[in-house]
Amino acid sequence: MIALVHQAAEEQNPLVPPIPELAIGLIAFAIVFFFLWKKLLPNINKVLEQRREAIEGGIEQAEAAQEEAAEVLKQYKDQLAEARHEAARLRSEAQEQGATLIAEMRAEGQRQREEIIAAGHAQIAADRKQAAQALRQDVGKLATDLAGKLVGESLDDHARQSRTIDRFLDELEEKAEAAR
């Protein structure tokens, strides 16, 4: 009876499988495990190895690209510094040229001013001479007319008139020079 109870108790326990099912399950597991180990596991390992190589290659490419980018950045910074230096040099050259141009223009302006002043003085001297000559003629005529009225005779003789006028004007000029 104990054996029967024991056997009934074993049949009712769902956690303990029967021995033939356990053997068949182990054989099926071994076949599936062998199939996975021989066929599927090498393919999985191959795919994982390819992925690892791709990742490592990508990392190497990224490092190479990063090094190249750093080199290009350094070149750009060098070029930028050189361009700034060149711009500063050009700016100083332009300032020097501007100062030179200003000095040249001032000298040219000074020269033109001197020319204008000299031309003005020459024009004034010519105008003064012309005015003096016109005045001399007018004063001579008036002096001759006045002298003719005072003397009571006509001084129409041109030579005598010229001598009288010249003498009169020379005396005026001497007096003017003595007053200075």
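Since this is a predicted model, take the numbers as computed values, not measurements.

Here is what the cut-offs are and how they apply
Residues numbered from 1 in each chain as written. Predicted model: local features only at pLDDT ≥ 70, side-chain atom pairs only at ≥ 80, totals over all residues. Heavy atoms only, no water. Helix = DSSP H or I, 4+ residues; strand = E, 2+ residues; numbered from the N terminus. Buried < 20%, exposed > 50% of the residue type's maximum accessible area, 1.4 Å probe, protein only. Areas by Shrake-Rupley, 256 points an atom, 1.4 Å probe, with all protein chains shown as cover. Polar contact = N/O pair within 3.5 Å; in protein donor to acceptor, adjacent residues only side chain to side chain. Patch = residues over 30% accessible without salt bridge, like charges linked within 9 Å, V, L, I, M, F, W, Y side chains within 5 Å. Salt bridge = Lys/Arg side-chain N within 4 Å of Asp/Glu carboxyl O.

Peer 1: Which parts of the structure should I look at to understand the overall build of the protein chain?
Peer 2: Regarding its fold elements, the protein chain presents 3 helices and 0 strands. Beginning at the N terminus, the succession of helices and strands in the protein chain can be written as α-α-α. Expressed as a percentage of the 180 residues in the protein chain, the buried residues total 4%. Of the roughly 16,100 Å² that the protein chain leaves accessible, carbon and sulfur atoms contribute 62%.

Peer 1: Before we go on, may I ask you to explain the environment of arginine 113 in this structure?
Peer 2: Within the secondary structure, arginine 113 is located in helix H2 (residues 19–151). Reaching out from arginine 113, the side chain makes a polar contact with the side chain of glutamate 114 at a distance of 3.4 Å.

Peer 1: Explain a nonpolar patch on the surface to me, please; I cannot follow it from the model alone.
Peer 2: A surface patch of nonpolar side chains, about 1,100 Å² in accessible area, is lined by Phe29, Val32, Phe33, Phe34, Phe35, Leu36, Trp37, Leu40, Leu41, Ile44 and Leu48. Relative to the helices and strands, leucine 40 is located in helix H2. Taking relative accessible area as the criterion, leucine 40 reaches 39% and is therefore assigned partly exposed.

Peer 1: Please clarify how the pattern of salt bridges should be interpreted in this entry.
Peer 2: One side chain can pair with another of opposite charge once the charged atoms of both are near each other. As enumerated under the stated definition, the model contains 8 salt bridges in all. Put simply, glutamate 108 and arginine 111 hold a salt bridge, and the shortest N to O gap is 2.3 Å. Here the residue glutamate 108 and the residue arginine 111 both occupy positions in helix H2, the gap between them amounting to 3 residues, near one helical turn. For glutamate 108, a relative accessible area of 30% gives the class partly exposed.

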